[in-house]
Amino acid sequence: MKFIKSYHNQLLALFMLTMMTVSCSKKFTERVPINAPTDANFWKNETEATSAVAGSYASLRIAMNEMGMGHYYYGDTQTDQFVARTNGEDYPAITQIQWQTFVAPSQTFRGLIKLRRWDNFYRAVDQVNRCIKYIQPIPLSNFTSVNKQAAKDALIGENYFLRAFTYFYISRIWGDVPLVIETVEDAAATPNLPRAKQADVLDQCIKDLQEAIKLLPYVTAPTATRPIRANKGTCYALLAHIYAWKGEYDKVVPAADSVITSGGYSHVSRATRASYTAMFRGNSSEAIFEISQNAANEGSLITAGYGDINNSIAARTLKSPYLLTQLGNSLFTLDAGTLTTLFPNNADSVDLRRRNGFDFWGTTDPICTKYANIVYTGPNNTSPLSQNNILVFRLADIKLLKAEALASLNNPSGARTIVNEIRGLAGLGPTTATDANMFEEVIQERGRELFIEGHRFYDLVRLARKTNIIRFNGTGTISRMTITDFNLGKYYWPIDPILISLNPLLTQTPFWADKM
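Scoring rules and cut-offs
Residues numbered from 1 in each chain as written. Predicted model: local features only at pLDDT ≥ 70, side-chain atom pairs only at ≥ 80, totals over all residues. Heavy atoms only, no water. 1 Å grid on protein atoms, 1.4 Å probe; cavity = no way out; pocket = protein on both sides within 12 Å on 5 of 7 lines; lining within 4 Å. Points joined across faces, edges and corners; volume = space filled by probe spheres on them. Nonpolar A, V, L, I, M, F, W, Y, C, P; charged D, E, K, R; others polar. Helix = DSSP H or I, 4+ residues; strand = E, 2+ residues; numbered from the N terminus. Buried < 20%, exposed > 50% of the residue type's maximum accessible area, 1.4 Å probe, protein only. Polar contact = N/O pair within 3.5 Å; in protein donor to acceptor, adjacent residues only side chain to side chain. Salt bridge = Lys/Arg side-chain N within 4 Å of Asp/Glu carboxyl O. Core = buried A, V, L, I, M, F, W, Y, C linked by side-chain atoms within 4.5 Å. Contact = heavy atoms within 4.5 Å. Pairing = 2+ DSSP bridges. Expected span 1.5 Å × (residues − 1). pLDDT = per-residue confidence, 0-100.

> Please explain empty space enclosed by the protein as it appears in this structure.
Overall, the coordinates contain 3 cavities of 30 Å³ or more when judged by the stated rule. Considered as a void within the structure, the largest cavity measures approximately 100 Å³ in volume. Lining the largest cavity we find Asn65, Gly68, Tyr72, Gln293, Glu298, Gly299, Ser312, Ile313, Ser386, Asn388, Asn389 and Ile390. Its residues assigned to classes, the lining of the largest cavity shows 3 nonpolar, 8 polar and 1 charged. Looking at the second largest cavity, its volume works out to about 60 Å³. Of all elements in the fold, only helix 8 (148-174) and strand 6 (390-394) reach the threshold of two or more residues within the lining of the second largest cavity. Its residues placed into classes, the lining of the second largest cavity shows 5 nonpolar, 3 polar and 2 charged.

The following block contains the structure:
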């Protein structure tokens, strides 16, 4: 595809930077992807293979950080957690699910174009495909680890996981997507491909995970890299999410159990604001998979300007005293009505998540303080840096996903047990939801537990599929989604017309085809 061809050409200039990065003691995931022009003289030993795998993670990090918080634009801002924006260049279209809004093709800097394009994700896929192809032939004699075969297997297994994760991630966004599982030596010969059926894409994800599970071990003790590099527990967590999205709930339970019983994860205390907020800094005992953030890049995306399109989730959701450079209201307003529904009796709530994860309750501008891990590098508390990872999967998420599966499988008592366990961690008593409403209750508990963690939009899709309940709109007057639009597939993003002009085999996402 043409954007992959362009990517290969652009990365030629990065070869020397890549070599320099290998020798530096930078964070593993901050290294640079390997590109096609270097293949002939690269891929010789374990050091180079490890650097290439680091590039795979770095590519994914770049894709998920589009505009500083792409993960949250896709997963949170167009849900009942936030008030739909009515001002700004592209924010109304993004948060009101008016994703068809016209933007001139020349304005490639615009947020709506960036979010409608999947280029960066396919750059990540190409890096992964390159690793899978070229690490395998490296002789074991060129590996320096004590267990050479295990080290080689793990590097290959990580890339099978990353390919599965990337395709699952983009198929939840766009539905049908082109399926590219091989790299080519001549970038100019890369063929254009049509969109593959989502079912086929997810089947490939499962196949890749089955390979990854064979090659990767569990990492049951906390290490500096456990949550940011794939292991067997990470694979099963992704597998559980894929089966939940497919509606194959009978397969969710054993996948989730593999994480819960064999992964070695444990819950973080919710008892204090410090302990709770520290979880979002990253590398906690509860973390299963995280995207490690680069302090100099993603971490520095904090400005007080509402119109600054490149801004982090911390910049959008915090204000003083949690972000001392934001003296007015938070830039993206939370839906106070939704908060009252999720956390009833909010003024005197004993829910530790509400008490230690929010502030300014009862005002017109309540805020979520999960991402208040901020340091200041300039004088007088200026030049803030956000020190928050993207928490993709964590233990409470997988337990509640199992509860969702049990509720769907007509086992409300099993679901209730798990929901009550998670509520107990937050200092709450048992749920009073009826058995008949247990599926909805699980989704609401996920809303309380995983607030602004990139899950809500997809949780609400599964809720609507199962129950026909539409919760995207929140308590405001703007209608983001009707059940009619939902059933027609409005929850899948359109692709930007630029992509179709580059690849005539692509077709528009069905719901949006007559609207763009």
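That was the structure; now back to the text.
> Got a minute to help me understand the environment of Asp514 in this structure?
Mapped onto the elements, Asp514 comes out in the segment after helix 21 (497-502). What makes Asp514 exposed here is its relative accessible area of 64%. Counting along the chain gives 414 residues from Asp514 to Gln100, while the straight-line C-alpha distance between them is 9.6 Å. Within the structure, the side chain of Asp514 is placed 3.1 Å from the side chain of Lys515, a separation counted as a polar contact.

> Looking at this structure, how should I read the pattern of salt bridges?
Close approach of charged atoms allows side chains of opposite charge to pair. The tally for this structure, following the rule as stated, stands at 38 salt bridges. With a shortest N-O distance of 2.4 Å, Glu440 and Arg471 are connected by a salt bridge. Linking Glu440 in helix 18 (residues 438-449) with Arg471 in the loop between helix 19 (456-467) and helix 20 (483-487), this pair joins segments that are 31 residues apart in sequence. Judged by its relative accessible area of 21%, Glu440 is partly exposed. The network of salt bridges with shared partners includes Arg270, Glu286, Asp351, Arg353, Lys370, Arg394, Arg423, Glu441, Glu445, Arg448, Glu449 and Glu453.

> Honestly, the nonpolar core in this entry has me stumped. Any pointers?
Soluble globular proteins tend to bury their nonpolar side chains together. The biggest cluster of nonpolar side chains holds 148 residues, and the ones touching the most others in it are Phe161, Phe165, Trp174 and Phe289. Top contributing element to this core by residue count: helix 8, with 15 residues. If we skip the residues at most four places from it in the chain, Phe161 touches Leu209, Ala212, Ala230, Thr234, Cys235, Leu238 and Phe289.

> Got a minute to help me understand the pairing of strand 6 in this structure?
It is a general feature of regular strands that their side chains alternate between the two faces of the sheet. In terms of burial, strand 6 is a largely internal element, 5 of the 5 residues being buried. By the bridge criterion, 4 bridges tie strand 1 (residues 287-291) to strand 6 in an arrangement that is antiparallel. Across the sheet, residue Phe289 finds its bridge partner in strand 6, namely Phe393.

> Would you mind showing me how to read helix 8 here?
Given 3.6 residues per turn, any residue in an α-helix points the same way as the ones three and four places further on. Between its first and last C-alpha, helix 8 extends 40 Å over 27 residues, near the 39 Å set by a 1.5 Å rise per residue. For helix 8, the tally of buried residues reaches 23 of 27 residues, placing the bulk of the element in the interior. Directly after helix 8, the chain includes Gly175, whose backbone phi takes a positive value near 80 degrees.

> What should I look at first to understand the environment of Ala221 in this one?
Structurally, the position occupied by Ala221 is in the loop between helix 9 (198-215) and helix 10 (232-246). Residues Ala221 and Gly264, 43 residues apart in the sequence, show an inter-C-alpha distance of 6.3 Å.

> Help me understand the confidence of the model for the protein chain in this model?
Regions with low pLDDT carry predicted coordinates that are not meant to be interpreted in detail. Summarising the model, the protein chain shows a mean pLDDT of 91, and 91% of its residues fall at 70 or more. Below a pLDDT of 50 lies the segment residues 5-26, which in the model reaches 37 contacts outside its immediate sequence neighbourhood of four places, other chains included.

> Honestly, unusual backbone geometry in this entry has me stumped. Any pointers?
Glycine aside, negative phi is the norm for most residues, and most peptide bonds take the trans geometry. With omega at 10 degrees, the peptide bond leading from Ser320 into Pro321 counts as cis. The residue Pro321 is located in the loop between helix 13 (313-317) and helix 14 (336-342) in this model. With phi around 60 degrees, Trp43 is a residue other than glycine that occupies positive phi space. As for its position among the elements, Trp43 is in the loop between helix 2 (15-23) and helix 3 (46-64). Here Trp43 falls in the buried class, since its relative accessible area comes to 7%.

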